[in-house]
Every structure is written in structure tokens, then in C-alpha cells.
Amino acid sequence: MAVFLSDLVQYRKLLLMILVLGIGGTHLSGFQMSVINYTSPYIQKFINETWLERYGSVLQQETLTLLWSFIVSMYCVGGMIGCLCSGYLTAKYGKKKCLLFNDAVLIVATLNTGFSRRAKSFEMILIGRFLEGIGAALVLFCLLLGIHMNAHVQYAGEISPKKFRGFVNVTCSVFLALGKAVARILGLRDLLGTEDMWNVLLSFSGLVALIQLLFLPFFPESPPYLLLQKGDKDGCLKAMEQLWGEENYHTEFDDMLKEKAVTKGTKIMNVLEVLREPSVYPQLCTMLLLLLSLQLCGLSAITFYTTEIFQTANLQENIIPYVALGVATSELISIIFCSSIIDRFGRRILLWGGYLLMALILVLLETSLLLSVSKCSLGVDLHLKSLCRTAIVSLSSDDRFLWMRYCSVTLIFLFIIAYGIGPAGAVASVMNEIFTLSTRSSAFVIGGIVIWLGLTFTGMLFPFAVMVLGPFCFLIFIAVLVTAAVLIYLFLPETKGRSISEITEEFKTRQFKRKHHRRVEKNATEERTFCTRL
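A.B. asks: Could you clarify how one ought to interpret the overall build of the protein in this entry?
C.D. replies: Assigned secondary structure in the protein consists of 24 helices and zero strands. Relative to its full complement of 534 residues, the protein shows a buried share of 53%. Split by element, the accessible area of the protein, about 24200 Å² in all, is 67% carbon and sulfur.

A.B. asks: What is the right way to read the environment of T251 from this model?
C.D. replies: You can see T251 is positioned in helix 13 (residues 250-262). The exposed category is assigned to T251, whose relative accessible area is 56%.

A.B. asks: Whenever I open this one, the side chain of S205 confuses me. Can you help?
C.D. replies: Note that S205 resides in helix 10 (residues 204-215). With relative accessibility at 0%, the residue S205 sits in the buried group. Excluding residues that lie within four positions of it along the chain, S205 makes contacts with L28, F31, Q32, T110 and E132.

A.B. asks: Any chance you could explain unusual backbone geometry here in plain terms?
C.D. replies: The phi angle of most residues is negative, glycine excepted, and most peptide bonds adopt the trans form. In this model, K120 sits at a positive phi of 55 degrees, which is unusual for a non-glycine residue. Tracing the sequence through the fold places K120 in the loop between helix 5 (95-119) and helix 6 (123-141). Looking at K120, the relative accessible area reads 43%, which means it is partly exposed.

A.B. asks: Help me understand the packing of helix 8 (residues 165-186) against helix 21 (residues 423-433), please; the structure alone is not making it clear to me.
C.D. replies: Helix packing geometry: the angle between the two helix axes and the distance between the axes. Here helix 8 crosses helix 21 at 120 degrees, and the two axes come no closer than 8 Å. The orientation of helix 8 with respect to helix 21, classified from their angle, is oblique. As for how helix 8 packs across helix 21, the hand of that crossing is right-handed. Counted together, R165, G166, N169, V170 and S173 of helix 8 and A424, G425, A428, S429, N432 and E433 of helix 21 form the full contact between these two elements. Per-class residue counts for the contact of helix 8 with helix 21 are three nonpolar, six polar and two charged.

A.B. asks: What is the right way to read the confidence of the model for the protein from this model?
C.D. replies: Reading predicted coordinates in detail is not appropriate for stretches of low pLDDT. Per-residue confidence for the protein gives a mean pLDDT of 76, with 75% of residues at or over 70. Contacts for the low-pLDDT stretch residues 142-150, under 50 throughout, to residues beyond four places or in other chains number 100 contacts.

A.B. asks: Help me understand helix 3 (residues 26-55), please; the structure alone is not making it clear to me.
C.D. replies: For an α-helix, the turn length of 3.6 residues means that residues three or four places apart are oriented alike. Between its first and last C-alpha atoms helix 3 spans 40 Å; for 30 residues at 1.5 Å apiece the expected length is 44 Å, and the two agree. Approximately 60 degrees is the largest bend angle found in helix 3, and it occurs at T39, with the proline P41 only one to four residues beyond. Remark: G56 follows helix 3 within two positions and exhibits a positive phi of approximately 75 degrees.

A.B. asks: Got a minute to help me understand a nonpolar patch on the surface in this structure?
C.D. replies: Together, L356, V482, V486, L487, Y489, L490 and F491 give the surface a local cluster of nonpolar side chains, amounting to about 610 Å² of exposed area. If you tally residues by element for the nonpolar patch, the top one is helix 23 (residues 474-491), at six residues.

A.B. asks: I'm lost on the pattern of salt bridges in this one. Help?
C.D. replies: Inspection of every chain in the model, using the stated rule, returns eight salt bridges. One salt bridge connects K45 with E195, and the closest N-O pair in it is separated by 2.8 Å. Ionic pairing is found between E132 and R129, a salt bridge with its closest N-O pair at 3.8 Å. With E132 and R129 both in helix 6 and three residues apart, the pair spans about one turn of that helix. The same class applies to E132 and to R129, which are both buried. Salt bridges sharing partners connect three or more residues here, namely D343, R347 and E433.

A.B. asks: Got a minute to help me understand the side chain of R347 in this structure?
C.D. replies: With respect to the element layout, R347 can be found in the loop between helix 17 (320-345) and helix 18 (348-375). Exposure remark for R347: the relative accessible area of 1% places this residue in the buried category. A polar contact is formed between the side chain of R347 and the side chain of D343, at a distance of 3.3 Å. Among all residues touching R347, those that are not within four sequence positions of it are R165, G166, I342, A426, S429, V430, E433, E494, T495 and K496.

A.B. asks: Teacher, can you tell me more about the packing of helix 15 (residues 281-295) against helix 23 here?
C.D. replies: With their axes 10 Å apart at the nearest point, helix 15 and helix 23 run at an angle of 155 degrees to one another. With respect to helix 23, the element helix 15 is oriented roughly antiparallel. The interaxial crossing formed by helix 15 with helix 23 has left-handed handedness. Across the interface between the two elements, L289, L290 and S293 of helix 15 pack against V480, A484, L487 and I488 of helix 23. Of the residues that constitute the contact of helix 15 with helix 23, the class distribution is six nonpolar, one polar and no charged.

The rules behind each value
Residues numbered from 1 in each chain as written. Predicted model: local features only at pLDDT ≥ 70, side-chain atom pairs only at ≥ 80, totals over all residues. Heavy atoms only, no water. Helix = DSSP H or I, 4+ residues; strand = E, 2+ residues; numbered from the N terminus. Buried < 20%, exposed > 50% of the residue type's maximum accessible area, 1.4 Å probe, protein only. Areas by Shrake-Rupley, 256 points an atom, 1.4 Å probe, with all protein chains shown as cover. Contact = heavy atoms within 4.5 Å. Axes fitted to C-alpha atoms, helices over the stretch in contact; angles between N-to-C directions. Parallel < 35°, antiparallel > 145°, perpendicular 65-115°, else oblique. Left-handed = near helix turned anticlockwise from the far one by under 90°. Nonpolar A, V, L, I, M, F, W, Y, C, P; charged D, E, K, R; others polar. pLDDT = per-residue confidence, 0-100. Expected span 1.5 Å × (residues − 1). Bend = angle between axes of the 7 residues up to and from the residue. Patch = residues over 30% accessible without salt bridge, like charges linked within 9 Å, V, L, I, M, F, W, Y side chains within 5 Å. Salt bridge = Lys/Arg side-chain N within 4 Å of Asp/Glu carboxyl O. Polar contact = N/O pair within 3.5 Å; in protein donor to acceptor, adjacent residues only side chain to side chain.

Set out below in C-alpha cells:
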């Protein structure tokens, strides 16, 4: 650990750039995804009051719900559009320029949401959320949600030396968790989570974007982008020296020259070309496995049941938001811990080990919920969701099951910690390492589309799954976690400390072995058939 910290001090300029990238990158995506929950009642009331003042009639509940769903879904619509544009923009103009452009878009977005209350226009909130989604797509692209996530993740991965690549890639997830925690803190009713300050809370992301807009121009463009795409050898050397110091970049530069020689004459592939290229299929399948397993790991179910499980422990209503803040803080701390160990233990063990641990915790939590249901009277209402709520009330007044109440709360924290130490940090690192520069932008576009579609359908279908299955919905996530752990253990190569060309060759070797094995089996069958006929 002491060596690791001393190396970080040596790369202090790189750390400063990671900080600037993070606060205006995935930090904003985490904040924007979480903050809408704390402004929900105030925005709906604002829509109703605005409608009444304009048209002299109160909105029907169905219409109000529809308008509110538009405000929420505009973020995903903007994210999809931003994701489709991000691959072309980052390949043509570079990650740095894309992030600066994205900061300007976010400032315009927050001006719309910030002044919507004074202008008495809920349409400005719709415009603001749409623009924020476009920005989120670029950042996630550079992590994998929209412009600022796409650009941020790729940018962070490309400016890091090989020995810190895992650490730097995980910082994308660290800032994402930090954004969620900041949204929870500012969303408290003691701060900005009030009826008078909700528009200021929504505008906070504009201030962060302004900070990045002011400081990012002092840092260089990505060295691999300068050398491999622009052919600017001097610019690449200057950028590496500025970020890593005079004595620390020669080995990395030689690796980039080797990659350039291998990819000489290879152009940046668009999305259709990547989809038609068989040699990229193993990497694409790996990326889809990681993204789908991350979205279906059960985090949404945990979030859905968190408040009710906290009520089981007889926590006061005014205390629950602070306990929920503790959950978010646990996620942040666990991801920070992951960033310090990922380059020591590797990516594979954190992924499959983390998924298995999460599955075990969900099994225990599922058992706790089912025991809760079995201990209460079934009554007339056979709806499983109602049974879970009835169990909560029953257990809250029964001291015999005190241990069960606090056991569920403890399992919530353990699940979040396992999520942070394992897949939350390792997925972004693996995705950055398995694609070459010619395919990375388009692959991240495909991944971004999968993420946005997943967010949309998960948000639409999960409430109905809870209505139908109740606490049994955890069984779906347990199956996903176990399946993902097995597939990762069997098929994902370790990427720690290896160059992109070595990782690509590993995928090709695995694919060749499978084809060779099939060919040998086919030849053996033909020989046996020939012998039988003879």
C-alpha cells in the first residue's frame, strides 16, 4: 500500500486530471439519476399549479402522471440520442473537446431547469432533462451512459499508465457513486430538498460543469488519440510527459508504437462495421454480459425495498433518509477500496467473486422476507407486495423477531458493499481494456444503447414484476448473478497488467482453440465412419 501511495504522489498531475474529469463526468450522471427522486413531489405540484394558472382547471391524476413520466423519460431519450452521436464525435474531435462541448450543453440545460419556476414553465424542465440526457451519454461514452459518461470513461482509460489502469478506470465508478451520495445529501430537507429550493437542487450540476469547463483546457488530449488517430508523435510525447513525468512514459510509448504498427492502415470502424466483424464478437459478447448482469444484479430491487426494510427495524421516518445516505456512502467507500485492490487481485476474481457474494446475500435476504411473510396473517389480501408490507407491520410490533429486522438492514449494507468492491468498479475497467482503439468508440456506442434501453425497460417493467412476484422477484436476480459468475469465470481472460494487443490476441487464441477443437472432433468422426464402412 505504501508503494502504491508513493506512486500516486509521483503521478500527481494525472490525479489532478482524474479529479477534473470525474467531477464533470460520471459524478454528474450519478447526481442527475438520483436527484429526480427528491424533487418528484415538488415538481408534480408545480406542474399542477402552472396548469391551473394557465387554463383555470386542475389536472387529472392520469394526465399529471403522464407529464411526470415524460420528464423522467426525457433523460433516457436524450441519453439514447447522445449515445448515438458520441462515437462519431469522440473519434473525430477527441475526448477533450467533446467534454468541453458537453459542459456547455449542461450549463444550458441547468439554466432551463433553474429558471423554470420563475418562468412558470414545466416545459423548460422537459428541455433541461433532455439536454442533460444528451450530456450524460457523452460522459458515459467516455463511461458508457451518454456524451459526458462515454467521453469520460474512454478519456480516463487512455491517459492512465498500465500499472494504474485499473485504478484510473475504477475512478469512473467512484465519481458515479459520489454523484449519488451528493444528490442524497443535498436532497435532504435540511438543505435543498424543499419546496422552495427544488429548482436550485436541479441546477447544481451546472455549477460542476462550469468548474470542468474552466479547468479542463489546462490538461492535454488523450496520448493514444494523438498518436494512433492523429499521427501526432510529438504531441503524444508532450502529453505523456505532462501527465506522467519525464522518466515514466517510455515503456508505454513503445507499446503504443507496437499497437500503431499492428493497426497501421486500419481505420476507425463505425457501428455497422463492428457488428459485421467476426473477430470482435467475443469482446462484444463479453461487454453485453457485463452490462446486462450489472443492470440485472438486483440493485433496483434492493432500492425498491430499502425504505420498507428500514421501517421493519422501527426506524423513525425522519431518520430513514440519513440511513439511506449511509447506504450510498457505503457504496462510495467500497468502490474506493476496490480502486486500491483491483491492480493487485485482477478483474476476474472481483467480478465472479463479487457476483457470487451478492447472490448469497440475496438468498439470505429473500429468506428473511419470506420468513417475514410467513410470520404474519395472510388475511384476505393475497397480493405478495401487500403481504410484504403486512409482514413489516407485524414484525415491527413483535419483539420476538427483533433479530430478523436488523438482519435485513445489515444484509442491505452488505449487498451494497459487495456490489461496490466487485462489479461496480471492475466492469468499467474491463470494458476499457478489451477493445482496440479502432473499435472502442463504436463498441461503447453499442454498450451505451444497451444501457439506456435497459434503464428504460427496467424502469417500466420492474414495478409490474414486483406487483406480480412480490419478494420472489429476488429469485430472478439470484439466477442472473450465478449465471454471470459462471460465464465470467469460464470465458473472461484476465486483463491486469496486459496491453490491449495482448488481450486481443488472448481472445483470438481462445476463439481459435474452440474452432480447432470442433475441427478435430469433425475429423475424428469422419475417420470412425470410414473405419466402420471398411
